Amino acid sequence: MTKPFILLLLATACGLTNSVDLKFQAQSIPAVKSTLAFTFDDGSINDFGQYKLETWNQRLLNHLKKNKLKAILFSAGANKSSPKGKYVLNSWNDAGHLIANHTFSHVNFNSNQVSLEDFKLELTKNDSLIKGYAHYTPYFRFPYLKEGDTKEKVEEFRAFLKQKKCRNGHVTIDASDWYIDARLTERLKENPKADLIAYRTYYKHHLLNRALYYDSLAYQLTKRRIHHVLLLHHNLAAALFLDDLIKHFKANGWDVIDADQAYKDKIYAAVPTTIPAGESLIWALAKASGQFESVLRYPAEDEAYEKPRMDKLGL
């Protein structure tokens, strides 16, 4: 029995996966080391109870430094003109991490209320805030991983990215880490001294479970190991648990690399044909292939999948 399959059995016992995921992954994951990099979305400027912004943000940066990793912060710009917003950008830039574009106001491009021209302005307005940083990099990540609900919006914005010499900051491993963070911070509001061990355990196992799922899809699609990019958010959960998460991945046979190195993989040049466009790159390629309908869900990741499990665990 391979290590990945043993891990999946453990995850199932903890209620962190389902029988469809288990059957699919067990059949398709060979016992070969996988690779991933970390990226972080948004750029929060909030304090969380006793955890002041400067404290938890530095703690997150310290985890990356300890593990000798360089990440990408995909920054949304609406809160970055304030002193706290500038502090976040400066701290990540000064630590040598890349700064990239995540729109100005984090709008959903799949909404019929967001036009193509509106969305173009979201990119250019945010670029004006971040382009001056030494570690600015011309990557763009779509909020909610939604890349357009019509063929016209999808094709014309892709052409706009090309015109701007900007690459899609694709994700291959998606997960609802933001929802775990929301539950954790709500618990801390209720009880600032709450024991967070169970949240850490859930966080680690949830993210590894989703990584195994997308790694399995990727291997089925490409017949090789790709360099994955994991979507996390700049939040308290990452600040508290990132070092534990890195250890967890490494203990389970994964290599962890810098984000710019991961994006050198040729998989990131792929252009999925799905409409509406988006989700993780691997999800979109699997959907376009028509071969994985029994193991794909839409949306690919959402709080609806995690709420029953976390409720059951009392988290």
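Conventions used here
- Residues numbered from 1 in each chain as written.
- Predicted model: local features only at pLDDT ≥ 70, side-chain atom pairs only at ≥ 80, totals over all residues.
- Heavy atoms only, no water.
- Core = buried A, V, L, I, M, F, W, Y, C linked by side-chain atoms within 4.5 Å.
- Buried < 20%, exposed > 50% of the residue type's maximum accessible area, 1.4 Å probe, protein only.
- Helix = DSSP H or I, 4+ residues; strand = E, 2+ residues; numbered from the N terminus.
- Polar contact = N/O pair within 3.5 Å; in protein donor to acceptor, adjacent residues only side chain to side chain.
- Phe/Tyr/Trp six-rings, centres within 6.5 Å; stacked < 30°, edge-to-face > 60°.
- Lys NZ or Arg CZ within 6 Å of the ring centre and 35° of its normal.
- Axes fitted to C-alpha atoms, helices over the stretch in contact; angles between N-to-C directions.
- Parallel < 35°, antiparallel > 145°, perpendicular 65-115°, else oblique.
- Contact = heavy atoms within 4.5 Å.
- Nonpolar A, V, L, I, M, F, W, Y, C, P; charged D, E, K, R; others polar.
- pLDDT = per-residue confidence, 0-100.
- Pairing = 2+ DSSP bridges.
- Right-handed = clockwise from strand over helix to strand, strands pointing away.
- Expected span 1.5 Å × (residues − 1).
- Arc of directions from axis to C-beta.

Remarks on the nonpolar core
Counting 80 residues, the largest nonpolar core has F38, F40, W92, Y203, L217, L232 and L242 as its most contacted members. When residues of this core are assigned to their parent elements, the largest contribution, eleven residues, is made by helix α8 (residues 197–222). If you look at the next biggest cluster of nonpolar residues, it comprises eleven residues, including F109, L123, F140 and L161.

Notes on the side chain of N209
The topology assignment puts N209 in helix α8. Among the polar contacts listed, one links the side chain of N209 to the side chain of R210, at a separation of 3.2 Å.

Considering the packing of aromatic side chains
Enumeration over the complete set of coordinates arrives at 19 aromatic pairs. Note on Y263 and Y268: the rings are 4.9 Å apart at their centroids and 70° apart in plane angle, and the pair reads as edge-to-face. When sorted by exposure, Y263 lands in the same class as Y268, which is buried. Members of the aromatic cluster, each reached through a chain of ring pairs, are F109, F119, F140, F142, F157 and F160. Here K125 stacks its cationic end above the ring of F104, 4.1 Å away from the centre of that ring. Seen from the ring of F109, K153 lies directly overhead, with NZ or CZ sitting 4.8 Å from the centre.

Focus on the packing of helix α7 (residues 177–190) against helix α9 (residues 236–251)
Where α7 meets α9, the closest approach of the two axes is 9 Å, and the angle between their N-to-C directions is 105°. With respect to α9, the element α7 is oriented roughly perpendicular. Listed contacts from α9 to D181, L184, T185 and L188 of α7 are L236, A237, L240 and F241. Looking at the contact of α7 with α9 residue by residue, the class counts come to six nonpolar, one polar and one charged.

A few points about unusual backbone geometry
Between I275 and the following residue, P276, the backbone shows a cis peptide bond with an omega angle of 0°. Along the chain, P276 turns up in the loop between α10 (259–262) and α11 (281–289). For the bond running from Y298 to P299, omega is -5°, close enough to zero to count as cis. In this structure, P299 sits in the loop between α11 and α12 (303–313).

Some thoughts on the confidence of the model for the protein chain
Mean pLDDT for the protein chain: 92, with 90% of residues reaching 70 or above. Taken as a whole, residues 1–20 scores under 50 in pLDDT and shows 36 contacts with residues more than four places along the chain or in a different chain.

Quick look at the pairing of strand β1 (residues 34–42)
Most of β1 is tucked away, with eight of its nine residues classed as buried. Relative to strand β7 (residues 254–256), β1 is paired through three bridges, and the arrangement is parallel. Paired with L36 across the two strands is V256, which belongs to β7. Pairing analysis gives seven bridges linking β1 to strand β6 (residues 227–233), with the strands arranged parallel. Paired with D41 across the strands is H233, a residue of β6. Of the strand pairs in this sheet, β1 and strand β2 (residues 72–75) are connected by four bridges, and their pairing is parallel. Following the sheet pairing, D41 is matched in β2 by F74. Taking the sense of rotation as the criterion, the β-α-β connection linking β1, helix α3 (residues 53–66) and β2 turns out right-handed.

Describing helix α6 (residues 151–163)
A rise of 1.5 Å per residue sets the reference length of α6, with its 13 residues, at 18 Å; its end C-alpha atoms lie 18 Å apart and thus fit the reference within 8%. Listing the buried residues of α6 in full gives K153, V154, F157, F160 and L161. The buried side chains of α6 occupy one side of the element, clustering within an arc of 130° when seen end-on. In α6, the exposed positions that point more than 90 degrees away from the buried face belong to K151, E152, K162 and Q163. Residues of α6 that are buried in the fold lie against α5 (116–130) and β4 (136–140). Downstream of α6 by one or two residues, K165 has phi in the positive range, about 55°.

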